[in-house]
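Reading the structure
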Amino acid sequence: MGTNNRTLIGSAVVPIRLVFLMWLVFSVEFLFGFPLSAFGIHPRTLLGLIGIATAPLLHGGIVHIISNTVPLLFLGVVLFYSYRRIANKVFLNCYFFTNLLVWIFARPNNHIGASGLVYGLASFLIFFGFLRRDFKSLFISVLIFIFYGSIFYGVLPVDARISWESHLAGAIVGFISAQQFKKSAL
């Protein structure tokens, strides 16, 4: 029991740190009125490059940050618990390459939030098992698809206020990461 518990707790470190930073930034912006959300991704602008690192930490409201917090914690823990040898690389791919794609290809707007990362992690976890074809990975893929398969509707441009480009970029990066690491030792 002690070993599994420590592993599960250890698997939560990276996701909890990121969620803590998200809530810290949100609290500072809310309590002190600093317009930190201006540091999102502004595609193809010099200032927008900052957003590649900062956009997942920035959120437009309480519903926005909560809707990213829960899946980020769940998917992050599943990733780090199940695939600890490749988890850091996958997580960083989904964080930075998703945002880089948004900076290159998205419509001119201020793109903020961690949903691109959420889509990247979900996409990786879903596709990885089907590409790898071992029981554990397939089981995880099916489980994540049952819980989060409907997120793929979010890659469609149905609401101008939502960065569907981040969702699509995250899904693409997650799939490419699954391809990249499918033969890796776990």
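As a starting point, this report considers the structure included with it.

Scoring rules and cut-offs
Residues numbered from 1 in each chain as written. Predicted model: local features only at pLDDT ≥ 70, side-chain atom pairs only at ≥ 80, totals over all residues. Heavy atoms only, no water. 1 Å grid on protein atoms, 1.4 Å probe; cavity = no way out; pocket = protein on both sides within 12 Å on 5 of 7 lines; lining within 4 Å. Points joined across faces, edges and corners; volume = space filled by probe spheres on them. Nonpolar A, V, L, I, M, F, W, Y, C, P; charged D, E, K, R; others polar. Helix = DSSP H or I, 4+ residues; strand = E, 2+ residues; numbered from the N terminus. Polar contact = N/O pair within 3.5 Å; in protein donor to acceptor, adjacent residues only side chain to side chain. Core = buried A, V, L, I, M, F, W, Y, C linked by side-chain atoms within 4.5 Å. Buried < 20%, exposed > 50% of the residue type's maximum accessible area, 1.4 Å probe, protein only. Contact = heavy atoms within 4.5 Å. Salt bridge = Lys/Arg side-chain N within 4 Å of Asp/Glu carboxyl O. Expected span 1.5 Å × (residues − 1).

Overview of empty space enclosed by the protein
Inspection of the entire model under this criterion finds one cavity of 30 Å³ or more. Lining the largest cavity are Ile 41, Ala 55, Pro 56, Asn 99, His 111, Ile 112, Gly 113, Gly 116, Leu 117 and Ser 166. By residue class, the composition of the lining of the largest cavity is five nonpolar, five polar and no charged.

Topic: the environment of Arg 161
With respect to the helices and strands, the residue Arg 161 is situated in the loop between α7 (135-148) and α8 (164-181). Separated by 13 residues in the primary sequence, Arg 161 and Gly 174 have C-alpha atoms spaced 23 Å apart. A distance of 2.9 Å separates a polar atom in the side chain of Arg 161 from a polar atom in the side chain of Asp 159.

A short note on the layout of surface pockets
For the largest pocket, the calculated volume is near 480 Å³. Contributing to the lining of the largest pocket are 24 residues, with His 64, Ser 115, Arg 161, Ile 162 and Ser 163 lying nearest its centre. Mapped by element, the contributors of at least two residues to the lining of the largest pocket are α4 (62-82), α6 (115-132) and α8. With four residues, α4 is the single largest residue contributor to the lining of the largest pocket.

Some remarks on the nonpolar core
Ranked by internal contacts, the top residues of the largest apolar core, which has 40 residues, are Leu 72, Leu 79, Phe 124 and Leu 125. Mapped onto this core, the elements with two or more residues apiece are α2 (13-32), α4, α5 (87-105), α6, α7 and α8. With nine residues, α6 is the largest single contributor of residues to this core. Discounting residues that sit within four places of it in the chain, Phe 124 has contacts with Leu 79, Tyr 83, Ile 86, Val 90, Gly 174, Ser 177 and Ala 178.

Structural notes on the pattern of salt bridges
Here the structure, examined in full by the defined rule, presents three salt bridges. Note that Arg 132 and Asp 134 form a salt bridge whose closest N and O atoms lie 2.8 Å from each other. Asp 134 gets classed as partly exposed once you look at its relative accessible area, which sits at 25%.

Some thoughts on α4
Under the 1.5 Å per step criterion, the end-to-end length of α4 is 30 Å for 21 residues, consistent within 8% with the ideal 30 Å. Among the residues making up α4, those that are buried are Ile 65, Asn 68, Thr 69, Pro 71, Leu 72, Leu 75, Gly 76, Val 77, Val 78, Leu 79, Phe 80 and Ser 82.

Take it as geometry only, folks, not as evidence of what the structure does.
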